[in-house]
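Topology and contacts: notes
Spelled out from the first residue to the last, the chains are:
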Amino acid sequence: MKKILLSLLFVSYLNGDAQNLIQEFNFNGTLNNESNTISFMGSNDFVADREGIAGKAQRLNNKALEAVIDNLPQGNTARTVSIWVKFNDIASANYIWGYGSAYNAQYFGLLHQGTTSSNSDLSLAGWGAANDVIVSTGLAKGIWYQYTITFDGTVSKIYRNGELLKYINGLKRSTKGNIFRLGEINTSVGINADIDDL
């Protein structure tokens, strides 16, 4: 009986703490979301995805895509963003994704700094150095990586290919904004990568 009660409590906790999927973009020949209600704006360039299937991923080469998504998590609310990325150039910074305002703690985005070695700083940017989570990690061009960023209202975590790279407890998050950008941080464009399954 105790095991059943404990199991029910655990499942109830998970259900109460779970996040709901708000958007899904698979880039399978379209810039629209799965519901076909929101589209990224910008010119498309469909390429092979991580399984080698043509037209199932999006290439961003010094261009950005933007989508107005009204139900993005704001302020200090919990959120998770997951995306597959294959870098075609690692010498320059790659602004993977982000949304929010260019003010202290009001931004939420992911970028890889440029590198000429096999390591690069990966940053969950919050606008303002005190609001960033930064970790140095190996990086190579031509390899697909899955990045998952989570924030539960208190703890910010960066995962790559399912491995926790870094977490920080207590960073301020006051995210404000509904324009989700790929290949751009605030209004600065900088990326040369293929993206899939956001």
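Heads up: the structure comes first, above all this text.
**Let's talk about the pairing of strand E2 (residues 57-61)**
Note that strand E1 (residues 46-47) and E2 share two bridges and pair antiparallel. Considered in E2, the bridge of Val-47 is made with Ala-57. Examined bridge by bridge, E2 and strand E15 (residues 192-196) share four bridges and lie antiparallel to one another. Considered in E15, the bridge of Arg-59 is made with Asp-194.

**Notes on the sheet that holds strand E7 (residues 119-125)**
One open sheet holds the six strands; their spatial order is E3-E12-E5-E6-E7-E8, and the pairing between them is antiparallel. The strands lining the two open edges of the sheet, one partner per strand, are strand E3 (65-68) and strand E8 (133-138). Within the sheet, the average angular offset between the axes of one strand and its neighbour, ignoring direction, is 10°.

**Notes on the sheet that holds E15**
If you trace the seven strands from one edge of the open sheet to the other, you get E1-E2-E15-E4-E9-E10-E11, paired in antiparallel fashion. Looking at the sheet topology across the chains shown, the edges are occupied by E1 and strand E11 (163-169).

**Some points on unusual backbone geometry**
Glycine aside, residues mostly have negative phi, and peptide bonds are mostly found in the trans state. Here Asn-62, not a glycine, exhibits a phi torsion of approximately 55°, which is positive. Residue position: Asn-62 is located in the loop between E2 and E3. The exposed category is assigned to Asn-62, whose relative accessible area is 58%. Unusually for a residue other than glycine, Ala-105 sits at a positive phi of about 70°. Mapped onto the elements of the fold, Ala-105 is located in the loop between strand E5 (94-100) and strand E6 (107-112). Overall, the relative accessible area of 0% leaves Ala-105 in the buried class.

**Structural notes on the packing of aromatic side chains**
The tally for this structure, following the rule as stated, stands at twelve aromatic pairs. When the ring of Phe-25 is compared with that of Phe-27, the centres are 6.2 Å apart and the planes differ by 20°; the resulting orientation is stacked. Take Phe-27: its relative accessible area is 0%, and that puts it in the buried class. Arranged with centres 5.7 Å apart and planes meeting at 15°, the rings of Trp-97 and Phe-180 form a pair that is stacked.

Rules used in this analysis
- Residues numbered from 1 in each chain as written.
- Predicted model: local features only at pLDDT ≥ 70, side-chain atom pairs only at ≥ 80, totals over all residues.
- Heavy atoms only, no water.
- Pairing = 2+ DSSP bridges.
- Helix = DSSP H or I, 4+ residues; strand = E, 2+ residues; numbered from the N terminus.
- Axes fitted to C-alpha atoms, helices over the stretch in contact; angles between N-to-C directions.
- Buried < 20%, exposed > 50% of the residue type's maximum accessible area, 1.4 Å probe, protein only.
- Phe/Tyr/Trp six-rings, centres within 6.5 Å; stacked < 30°, edge-to-face > 60°.

Such coordinate-based values are descriptive only and should not be taken to indicate function.
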